[in-house]
Amino acid sequence: MATVHKENFLTDGFNASATFGYNEYSTNSAGVYAYNRSAFRVPDIYSLSNYTNELQLDVTETRNDIQSYSYVGLLDLSYKNYLFFQLTGRNDTNSTLPKNNNSTFYPSLNTSFVFTDAFDLGSASDVISYGTFRFAWGKSANAADPYLLDAVYDTGTFGGQTTITRPTEIPPNDLTFQTSKSTEVGFALGLFKNIVNVDFTYYDILSENQIMKSAVALSSGASKVIFNSGALSNKGVEMIIKADVFSTDDFSWNVSFNAAKNTNKVVSLAEGVEEQQIATVFGALGAYMKASPGENYGVIYGTDFELDDQGRKQVMNIYNKDGSGEVIGTQYKITSDVVPIGNAAPKLTGGIGNNFRYKNFRLTTLMDYKLGGDIYSIDHAVAMGSGISPETAEARNGGGLAYTYPDGTTDDVGMIMDGYNIDDERANDRVIHPTYYYGITYAGWSHFNRARSLSIFENSWVKMRELSITYTFPKSLLTKTKIFQTLSLSAVGRNLFYIYTTLPQHLNPEAINGTGNGQGLQWSAFPSMRTIGFNLKAGF
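The rules behind these values
Starting afresh in each chain, residues are numbered from 1 along the sequence in its written order. Under the rules for a predicted model, residues below a pLDDT of 70 receive no local features and side-chain atom pairs below 80 are neither given nor counted, while totals for whole chains, interfaces and linings still include all residues. In computing side-chain values, all of the structure's heavy atoms are included and hydrogens and water are not. Starting at the N terminus, helices and strands are each numbered in turn, a helix being any DSSP run of H or I of at least four residues and a strand any DSSP run of E of at least two. The cut-offs for exposure are 20% and 50% of the maximum accessible area for each residue type, with area from a 1.4 Å probe on protein chains only; residues under the lower value are buried, those over the upper are exposed, and the others partly exposed. In what follows, residue pairs with any heavy atoms lying within 4.5 Å of each other are defined as contacts. When DSSP finds at least two bridges between two strands, those strands are taken to pair. The working definition used for a salt bridge is a side-chain nitrogen of Lys or Arg within 4 Å of a carboxyl oxygen of Asp or Glu. Residues belong to one nonpolar core when they are buried, are Ala, Val, Leu, Ile, Met, Phe, Trp, Tyr or Cys, and are joined through side-chain atoms within 4.5 Å. Aromatic contacts are taken between Phe, Tyr and Trp rings whose centres are within 6.5 Å, Trp giving its six-membered ring; a plane angle under 30 degrees counts as stacked, one over 60 as edge-to-face, and the others as tilted. Patch building starts from residues that exceed 30% relative accessible area and form no salt bridge, then joins like charges within 9 Å and nonpolar side chains (Val, Leu, Ile, Met, Phe, Trp, Tyr) within 5 Å. Residue burial considers only the protein chains on display, and all accessible areas are found by Shrake-Rupley using a 1.4 Å probe. Polar contact is the term for a pair of N or O atoms within 3.5 Å; when the atoms are in protein, one must be able to donate a hydrogen and the other to accept it, and sequence-neighboring residues count only if both atoms are side-chain atoms. Axes here mean lines fitted to C-alpha atoms, for a helix over just the part in contact, with angles spanning 0 to 180 degrees between N-to-C directions. By definition, pLDDT measures how confident the predictor is in each residue, and it falls between 0 and 100.

### As for the overall build of the chain
Alright, step 1. Helix and strand counts for the chain come out as five helices and 33 strands.
Alright, step 2. Considered along the principal axes of its C-alpha atoms, the chain spans approximately 100 × 70 × 65 Å.
Alright, step 3. A total of 540 residues make up the chain; the buried ones form 34% of that total.
Alright, step 4. For the chain, the proportion of contacts with a sequence separation of at least 24, taken over those separated by at least 6, is 63%.

What follows is the structure, given as structure tokens:
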């Protein structure tokens, strides 16, 4: 890395610097992972050779060999400390890509203008203490994981004999870098002698050639194919407001507020690919998420009620299989194809922080919020369809309509499906048992064609993310100890409780399955852990 710097270059106040560098990266790693599933020969001796059945030994070996090098250049210009311009360029070459596509160049530029330093604002400076505009544009690139370009066979053993297994993924024909182009504009303002500070950003990011895996017919001999996919657009705004609400020697109050809105749209997919499945629950008749060109990212698909031309749910009779024509229940008519039933993308996310200080005590709170965005809850669907949700107990416990059992006895457990009965050609008035009402309407752990929209919920929430109380010991006391320079004691609680949530039946708003792309599907996830602890900080 070499840098050349010159102040007052060409004219007074104009500073320039240029940096040139070369970076080389190489990783060579190998690992062996093994375990046996049989009993130990000698108890409590943790050794891979200490097992009773050698056929139950599983060994996995991994190797990674990656090499890359980069040339980097940077030009940095400034004029009188109020106008700044920076230009960068980088060229990467990576061994994980084919030779004809393993090198790419990506530049960037950003500029900012501090107008409060450039101009004399006069009396307006009492209102606008600081102000800057900024603009940035740039490209970035990421290479692929190693060993995607060719078929890499796995070796193993079966019955004491060596086995070689073909890969389950078809290598790509012509893999290239994943790239992103981003444009950002924004401003920052300090108002009323910087008592209030505002920062606003608008961004537009176009991601292209994302390396993805898509399912293929098993008759091909593989389950997935690797390829560069089309283009994905991200546009949004971010805003931060900070304010010193009140400040004296004994008491102060600072507050911060941030908000973000992002719109993610699928511009195109790879040639010949009409849609890309992102996440699924029980396949085509379950709930799933996919990416389709022209649609917003995050749409949840599933089967839904088939409505008539008046917008009513259609109800069908269930007849006894003995051919007698006896009606033993009813069920809803469901769409044969999946339709959009929700969208996981939130309308707004952010947080609110408060910091209160009274003499040596400090109270800090941090609240997060998420407004809008749907989830499909399998937990809810299973609980309702299995009859373990409290909502299903009312009719079963005698709070329903009069229902006649096949043996002629009656009980107040009956229910009526809301809708138009297309077999009776009238508004549905057939009283059925709760087993039919819930068990045949909701479906969680199954591929049966049910209205998945019944378990779609808006997932808005406000959470007390963190709360802490701190006491800072006075310096007059610490100097007497001749040990401590600073000393403070804090009680801290994290993930404490939800102030507000739109989800029913105590469903956890943040219990989304994993951290991948399927953020609209929720099932069997552990809730976040509430923690309460103490911190003692000392300076010597």
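### Observations concerning the sheet that holds strand 13 (residues 224–228)
Alright, step 1. Taken together, three strands build an open sheet; the order of strands is 9-13-12 and the sheet is mixed. With one partner strand each, in any of the chains shown, strand 9 (169–170) and strand 12 (211–215) form the two edges of the open sheet.
Alright, step 2. Both strand 9 and strand 13 contribute to a ladder of two bridges, which runs parallel. By the bridge assignment, Ile170 is partnered in strand 13 with Val225.

### Focus on the pattern of salt bridges
Alright, step 1. Under the definition given, this model contains 13 salt bridges.
Alright, step 2. Two residues, Arg426 and Asp424, come together in a salt bridge whose shortest N-O distance is 3.8 Å.
Alright, step 3. For Arg426, a relative accessible area of 37% gives the class partly exposed.
Alright, step 4. Glu510 serves as the salt-bridge partner of Arg465, at 2.8 Å between the closest nitrogen and oxygen. Of the two residues, Arg465 sits in strand 30 (residues 461–472) while Glu510 sits in the loop between strand 31 (486–501) and strand 32 (521–522), which places them 45 residues apart along the sequence.
Alright, step 5. On the basis of relative accessible area, Glu510 is assigned to the partly exposed category, the value being 30%.
Alright, step 6. Connected through shared salt-bridge partners, Asp368, Lys463, Arg465 and Glu510 make up one network.

### Observations regarding the nonpolar core
Alright, step 1. Counting 13 residues, the largest nonpolar core has Met289, Ile300, Tyr376, Ile378, Ile456 and Leu521 as the members making the most contacts within it.
Alright, step 2. Take this core: its biggest share by element is three residues, from helix 2 (residues 378–386).
Alright, step 3. Counting nine residues, the second-largest nonpolar core is a separate cluster that includes Val315, Ile318, Met417 and Ala451.

### Here we look at the packing of aromatic side chains
Alright, step 1. If you walk through the whole model with that rule in mind, you get 21 aromatic pairs.
Alright, step 2. When the ring of Phe9 is compared with that of Phe14, the centres are 6.3 Å apart and the planes differ by 25°; the resulting orientation is stacked.
Alright, step 3. Accessibility expressed as a relative area gives 37% for Phe9, which makes it partly exposed.
Alright, step 4. Ring geometry for Trp461 versus Tyr498: centroids 6.0 Å apart, planes at 80°, classification edge-to-face. With a gap of 37 residues between them, Trp461 in strand 30 and Tyr498 in strand 31 connect regions that are remote in the sequence.
Alright, step 5. Taking the relative accessible area as the measure of exposure, Trp461 reaches 7% and is therefore buried.

### Brief notes about a nonpolar patch on the surface
Alright, step 1. Taken together, the side chains of Tyr22, Tyr69 and Tyr71 present a nonpolar region at the surface, about 330 Å² in accessible area.
Alright, step 2. With respect to the helices and strands, Tyr22 occurs in strand 2 (residues 14–36).
Alright, step 3. On the basis of relative accessible area, Tyr22 is assigned to the partly exposed category, the value being 43%.

### Some details on the pairing of strand 14 (residues 231–247)
Alright, step 1. Bridge analysis of strand 11 (residues 196–208) against strand 14 gives 13 bridges, and the strand direction is antiparallel. Paired with Phe200 across the two strands is Met239, which belongs to strand 14.
Alright, step 2. As judged from the 16 bridges shared by strand 14 and strand 15 (residues 251–268), these two strands associate in the antiparallel manner. Counterpart to Ser247 in the pairing with strand 15 is Ser252.

### With respect to the side chain of Asn94
Alright, step 1. The topology assignment puts Asn94 in strand 4 (residues 83–94).
Alright, step 2. For Asn94, the side chain forms a polar contact with the side chain of Thr96, separated by 2.7 Å.
Alright, step 3. Dropping the residues within four chain positions of it, Asn94 is found in contact with Ile66, Gln67, Ser68, Asn102, Ala143 and Phe177.

### What about the sheet that holds strand 17 (residues 287–291)?
Alright, step 1. Read across the sheet, four strands follow the order 16-17-18-21 without closing on themselves; strand pairing throughout is antiparallel. Every other strand in the sheet has two partners, leaving strand 16 (276–281) and strand 21 (339–343) as the edge strands with one partner each. Geometrically, the sheet is characterised by an average inter-axis angle of 35° between neighbouring strands, direction not taken into account.
Alright, step 2. Bridging between strand 18 (residues 299–302) and strand 21 involves four bridges; their strand directions are antiparallel. In the strand pairing of strand 21, Val299 is matched with Asn343.

### Considerations on the confidence of the model for the chain
Alright, step 1. Per-residue confidence for the chain gives a mean pLDDT of 89, with 98% of residues at or over 70.
Alright, step 2. Taken element by element, the chain is modelled with least confidence in strand 7 (residues 154–158), mean pLDDT 73, and with most confidence in strand 22 (residues 348–358), mean pLDDT 97.

### Some words on helix 2
Alright, step 1. Of the positions making up helix 2, those classed as buried are Ile378, His380, Ala381, Val382, Ala383 and Met384.
Alright, step 2. Where helix 2 is buried, its residues contact strand 16, strand 24 (374–377), helix 4 (434–439), strand 29 (456–458) and strand 32.

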